[in-house]
Amino acid sequence: MSTVPKRFEILLVPAHVEDRGGAAVADSAVRSAVVETTGRYGESGYPIYEGHGIRADIDPETRTVEALLVDGRELDYGLTPLARTVTDG
């Protein structure tokens, strides 16, 4: 049985960026935030993570962002959310 990660880093990356020219994904992000589990589940059925103006339902096994609000609004077109596991330490 797997455990649900306590934190993820959400990166909002422009979808039109195909060749990052060797830059890391984090360098291409227009916004990033560390979100923490709330202990609740969203409409998607996945755990809700919140922090720094971002609320996301994330599938902890695949790190897929199933639902996302940024500052209380839906994500703008052209931005892709990516989730990275944040380890303690």
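What comes next concerns the included structure. Here the structure is a predicted model, which is why all the values come from computation and not from measurement.

**Some remarks on the sheet that holds strand β4 (residues 54-59)**
Now for step 1: As summarised here, the arrangement of the seven strands in space is β6-β5-β4-β3-β2-β1-β7, forming an open sheet in which the pairing is antiparallel. Every interior strand has two partners, whereas the edge strands, β6 (73-74) and β7 (79-85), have only one.
Now for step 2: In terms of strand pairing, strand β5 (residues 64-70) meets β6 through two bridges, oriented antiparallel. Its bridge partner being in β6, Val-70 is matched across the sheet by Arg-73.

**Section: the environment of Ala-33**
Now for step 1: Tracing the sequence through the fold places Ala-33 in strand β2 (residues 31-41).
Now for step 2: Separated by 24 residues in sequence, Ala-33 and Glu-9 place their C-alpha atoms 5.6 Å apart.
Now for step 3: In contact with Ala-33, not counting residues within four places along its chain, are Phe-8, Glu-9, Ile-10, Gly-51, His-52 and Ile-54.

**Side note on the packing of aromatic side chains**
Now for step 1: Per the counting criterion, the structure on display carries one aromatic pair.
Now for step 2: Centre to centre, the rings of Phe-8 and Tyr-49 are 5.0 Å apart; their planes meet at 80 degrees, and the pair counts as edge-to-face. Here Phe-8, found in strand β1 (residues 7-14), pairs with Tyr-49, found in strand β3 (residues 47-51); they are 41 residues apart in sequence, far enough to count as distant.
Now for step 3: Under the relative-accessibility criterion, Phe-8 is labelled buried at 0%.
Now for step 4: Taking relative accessible area as the criterion, Tyr-49 reaches 0% and is therefore assigned buried.

**Regarding the side chain of Asp-59**
Now for step 1: Structurally, the position occupied by Asp-59 is in strand β4.
Now for step 2: Within the local environment of Asp-59, its side chain forms a polar contact with the side chain of Thr-62, the two groups lying 3.2 Å apart.
Now for step 3: Excluding residues that lie within four positions of it along the chain, Asp-59 makes contacts with Tyr-46, Thr-64 and Glu-66.

The rules behind the values
All residue numbers refer to position in the chain's written sequence, counted from 1. Totals for whole chains, interfaces and linings use all residues, but because this is a predicted model, local features are given only for residues with pLDDT of at least 70 and pairs of side-chain atoms are given and counted only at 80 or more. Hydrogen atoms and water are omitted, and side-chain values are computed over all heavy atoms in the structure. Only strands that DSSP links by at least two bridges are regarded as paired with each other. Numbering goes from the N terminus for both helices and strands, where a helix is a DSSP run of H or I of at least four residues and a strand is a run of E of at least two. The contact rule is simple, with two residues in contact once any of their heavy atoms fall within 4.5 Å. The aromatic pairing rule takes the rings of Phe, Tyr and Trp, using the six-membered ring of Trp, and pairs them if the centres are within 6.5 Å, calling planes under 30 degrees apart stacked, those over 60 edge-to-face and the rest tilted. Remark: exposure states derive from per-residue accessible area (1.4 Å probe, protein chains only) relative to the maximum for the residue type, with buried under 20%, exposed over 50%, and partly exposed in between. Whenever two N or O atoms come within 3.5 Å, that pair is a polar contact, provided that in protein one can donate a hydrogen and the other can accept it, and provided that, for residues adjacent in sequence, both atoms are side-chain atoms.

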